[in-house]
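# Structural description and commentary
So you can see what is in the structure, the chains are spelled out below.
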Amino acid sequence: MPMNDRREIFGWAMYDWANSGFQTTVVTVMSGPYLTALARGDVGENGVIFDLGPFLVTAKSFFPFCIGLSVFLQALLLPVLGAIADYTNLKKPLMALFCYAGSAATCLLFFVSGDRYLAGGLLLMVANLCFGASLVLYNAFLNDIASQDLRDKVSSRGYALGYLGGGLLLLANL
């Protein structure tokens, strides 16, 4: 049942503001060069990190490998989470779980230095997986907070605020 409460809609839009900072700053700009530099420092310019039979994960391909693996795991997990969100009352607790787990993994990236790039890659994968999961659950709330005639407006404003928030954080970081 749609609430149309301005506080609910504002909170929904502010979540987009907050999560876009992760996407623009952590995933898009900072973690790739940083993890690549750490891996290069440990195994050389294009040294091998993993030998997966026909596939080699080198220092240069470590970051894309981590993102690719987390996206593959999202493809397996997110449809299940979408169904759970649609057919149970677990949207809010699951969203909180994934939001806090992803935030914790992102915060722990602070401690990644030297030869800890493997831990950094794992934390990045967890953070990105949790990011995707929280977005599926976040999007499932749209029907609960906005009537059908307002959904496009509310979604567009949330998306716009997300871009604004992500862009401002990236600008502040740079």
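### As for the overall build of the protein chain
For the protein chain, the count of helices and strands is six helices and two strands. Based on the C-alpha atoms only, the size of the protein chain along its principal axes is roughly 55 × 35 × 25 Å. By residue count, 39% of the 174 residues in the protein chain fall in the buried class. When contacts within the protein chain are restricted to residue pairs at least 6 apart in sequence, those whose partners lie at least 24 apart make up 72%. By element, 67% of the accessible surface of the protein chain is carried by carbon and sulfur atoms, the whole surface being about 10,100 Å².

### Quick notes on helix α6 (residues 151-173)
Helix length check: α6 (23 residues) gives 33 Å between terminal C-alpha atoms against 33 Å at 1.5 Å per residue, within 8%. Those residues of α6 lying buried are V154, G158, G162, G165, G166 and L170.

### Quick look at the side chain of N128
Tracing the sequence through the fold places N128 in helix α4 (residues 117-140). When near neighbours in sequence (up to four residues on either side) are disregarded, N128 contacts F22, Q23, V27, I67, S70, V71 and Q74.

### Description of the state of the cysteines
Here the structure, examined in full by the defined rule, presents zero disulfides. Distance from the sulfur of C130, which forms no disulfide, to the nearest cysteine sulfur (C99) is 9.2 Å.

### As for a nonpolar patch on the surface
A cluster of nonpolar residues, F50, L52, F55 and L118, forms a patch on the protein surface that exposes about 370 Å² of accessible area. Note on placement: L118 falls in helix α4. You can call L118 partly exposed: its relative accessible area is 39%.

### Overview of the pattern of salt bridges
With the rule as written, the count across this model stands at one salt bridge. Where R40 meets E45, a salt bridge forms, and the shortest distance between an N and an O atom there is 3.5 Å. Residue classification places R40 among the partly exposed residues on the basis of a relative accessible area of 32%.

### Description of the packing of helix α2 (residues 62-87) against α4
At a minimum axis distance of 8 Å, the contact between α2 and α4 shows a crossing angle of 30 degrees. The angle between the axes of α2 and α4 places the two elements in the roughly parallel class. For α2 against α4, the interelement crossing comes out right-handed. Its residues assigned to classes, the contact of α2 with α4 shows 20 nonpolar, six polar and no charged.

Criteria and thresholds
Residues numbered from 1 in each chain as written. Predicted model: local features only at pLDDT ≥ 70, side-chain atom pairs only at ≥ 80, totals over all residues. Heavy atoms only, no water. Helix = DSSP H or I, 4+ residues; strand = E, 2+ residues; numbered from the N terminus. Buried < 20%, exposed > 50% of the residue type's maximum accessible area, 1.4 Å probe, protein only. Contact = heavy atoms within 4.5 Å. Areas by Shrake-Rupley, 256 points an atom, 1.4 Å probe, with all protein chains shown as cover. Expected span 1.5 Å × (residues − 1). Disulfide = S-S within 2.5 Å. Patch = residues over 30% accessible without salt bridge, like charges linked within 9 Å, V, L, I, M, F, W, Y side chains within 5 Å. Salt bridge = Lys/Arg side-chain N within 4 Å of Asp/Glu carboxyl O. Axes fitted to C-alpha atoms, helices over the stretch in contact; angles between N-to-C directions. Parallel < 35°, antiparallel > 145°, perpendicular 65-115°, else oblique. Left-handed = near helix turned anticlockwise from the far one by under 90°. Nonpolar A, V, L, I, M, F, W, Y, C, P; charged D, E, K, R; others polar.

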